[in-house]
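Single-letter residue listing:
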Amino acid sequence: MVLACSSVIMKLHLHLITLLAGLLVWGLPVSTALADDNDSSALAGKKKKKGKKSRKKSAESEETPAVESVVGAKLKGNKFFNNTSPNLNAEYFIFLKSASWCKPCNMEMPSVAEEYEQMKRSGKVELILLSHDQTEEAAMGFLKKYGATFAGLMKGASIPDLPPSKGIPNATIMKADGTVIQSGHGSIIRSWKEKTIGKYAIIGDDGTPRVGKALKKMKFTSGKPSPKAEYYLYVYVPDLESAPEPIISQLVASQKELKKAKAEVIFIAEAETPAHIAKYLKSRKARFAGIQKSDEAVAELPGIGTLGTTPQVWMVTQSGAVALSGGIELAPEWQEAVKANE
């Protein structure tokens, strides 16, 4: 009896095992097929979305065609007397009427030549000289005298219509479509960035930490700037007597904010001895790095401009790309420059 029961139980077990094996074998292709279907659906969904994006992008391209450069097309057929090829695909153009025999023109040309180097690096702004000289030789000599590298045209060249001017130097800033932004005395070129790509636009910043390397060569009279700061504010005064106290006081009051923004102030001046600069800064509780203008390494500071006869300021990134430059009265605007490039 016991043997008979055991035999029955064993048969039941065998039946159950066979049944389970069959279910597993049957279920595998079904689950695989379902997975394949799901993968195919997901892939199809992705392709569908991608197709929609492509169609949308294509439609947007058709709806918003690139604006033709009216100015670039107008300049294309000209022969530039200094054999320089201007950027005819620029977004903005500046035309400068000037001449070698004009005293005010000669006064403006050094800053114009300097500003153009920034325009060129931006890749968005092009400057063209419209010479009022009698000969190409005189016009060429005028550009060479100031190291100006922008293209030049003689009077009578094919150019866009410009507003009438009473005299020279005269400048006109316009968009590539020919819309005039501003026209007036040649000095308006100094505000070219504000009128075109933005007052605090950083130009030519490739991220390479050049300023930090330059600082290692400098002998500071006081303080030691960090070679790893994100911004450097060069504050220049020809001599300590010409330092504008209200501006210096504002910078001293902003020392905590400067540190928070990872910005270092480098105070550049000419004094009888390095100790005089250190004493001046200490008396005003200015924790700035100070250095003599006569230190040869100052001229090698990336981004610094010409040290003239008036107080000036430059704010640059680690690579020396300029975010702010001009008269020292612009120094308190360093915060706006940082915000604009965050």
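Residues numbered from 1 in each chain as written. Predicted model: local features only at pLDDT ≥ 70, side-chain atom pairs only at ≥ 80, totals over all residues. Heavy atoms only, no water.

Quick word on the state of the cysteines
For the structure shown, the criterion picks out 1 disulfide. Covalent S-S linkage joins Cys102 and Cys105, the inter-sulfur distance amounting to 2.5 Å. Residues Cys102 and Cys105 share a disulfide whose torsion about the S-S bond is about 80°; that sign makes it right-handed. Like Cys102, the residue Cys105 is buried in the burial classification. (Disulfide = S-S within 2.5 Å. Buried < 20%, exposed > 50% of the residue type's maximum accessible area, 1.4 Å probe, protein only.)

Let's talk about the nonpolar core
Ranked by internal contacts, the top residues of the largest apolar core, which has 33 residues, are Leu233, Val235, Phe267, Phe288, Met315 and Trp334. Secondary-structure elements contributing two or more residues to this core are strand S6 (231–237), helix H7 (245–253), strand S7 (263–269), helix H9 (274–283), strand S9 (312–317), strand S10 (322–327) and helix H10 (334–340). Val235 has contacts with Ile248, Leu251, Val265, Ile266, Phe267, Ile268, Gln312, Val313 and Ile328, leaving out every residue within four places of it along the chain. The next biggest cluster of nonpolar side chains, apart from the first, holds 28 residues, and it includes Leu96, Leu129, Ala139 and Phe142. (Core = buried A, V, L, I, M, F, W, Y, C linked by side-chain atoms within 4.5 Å. Helix = DSSP H or I, 4+ residues; strand = E, 2+ residues; numbered from the N terminus. Contact = heavy atoms within 4.5 Å.)

Here we look at the packing of aromatic side chains
Tallying each qualifying case throughout the model produces 3 aromatic pairs. Arranged with centres 5.4 Å apart and planes meeting at 80°, the rings of Tyr116 and Phe150 form a pair that is edge-to-face. Note that Tyr116 is positioned in helix H3 (residues 103–122) and Phe150 in the loop between helix H4 (136–145) and strand S3 (151–154), a separation of 34 residues in sequence. Given a relative accessible area of 0%, Phe150 falls into the buried group. Ring centres 5.6 Å apart and planes at 15° place the aromatic pair Phe267 and Tyr280 in the stacked group. With Phe267 in strand S7 and Tyr280 in helix H9, the pair connects residues that are 13 residues apart, well separated along the chain. In this structure Phe267 comes out as buried when scored by relative accessible area, which is 0%. Accessibility expressed as a relative area gives 7% for Tyr280, which makes it buried. (Phe/Tyr/Trp six-rings, centres within 6.5 Å; stacked < 30°, edge-to-face > 60°.)

With respect to the pattern of salt bridges
Taken as a whole and assessed by the stated rule, the structure comprises 7 salt bridges. Close ionic contact of Lys199 with Glu333 constitutes a salt bridge, the shortest N to O distance being 2.9 Å. Taken together, the residues Lys199 in the loop between helix H5 (192–195) and helix H6 (210–215) and Glu333 in the loop between S10 and H10 connect sequence positions 134 residues apart. Among the ionic pairs, Glu300 bridges to Lys217, the shortest N-O distance being 3.8 Å. Taken as a pair, Glu300 in the loop between strand S8 (289–292) and S9 and Lys217 in the loop between H6 and S6 lie far apart in primary sequence, 83 residues in all. A relative accessible area of 57% places Lys217 in the exposed class. (Salt bridge = Lys/Arg side-chain N within 4 Å of Asp/Glu carboxyl O.)

So, the sheet that holds S3
A sheet is described by the order of its strands in space; here 5 strands give the open sequence S3-S2-S1-S4-S5, paired in mixed fashion. Looking at strand neighbours, the two that pair on one side only are S3 and strand S5 (180–185), the edges of this open sheet. Taking each pair of neighbouring strands and ignoring which way they run, the sheet shows an average axis angle of 20°. In this structure, strand S1 (residues 92–98) lies alongside strand S2 (residues 125–131), joined through 7 bridges in parallel fashion. In the strand pairing of S2, Ser98 is matched with Ser131. Lying on the sheet, H3 is in contact with S1, S2 and S5; it crosses S2 at an angle near 150°. (Pairing = 2+ DSSP bridges. Axes fitted to C-alpha atoms, helices over the stretch in contact; angles between N-to-C directions.)

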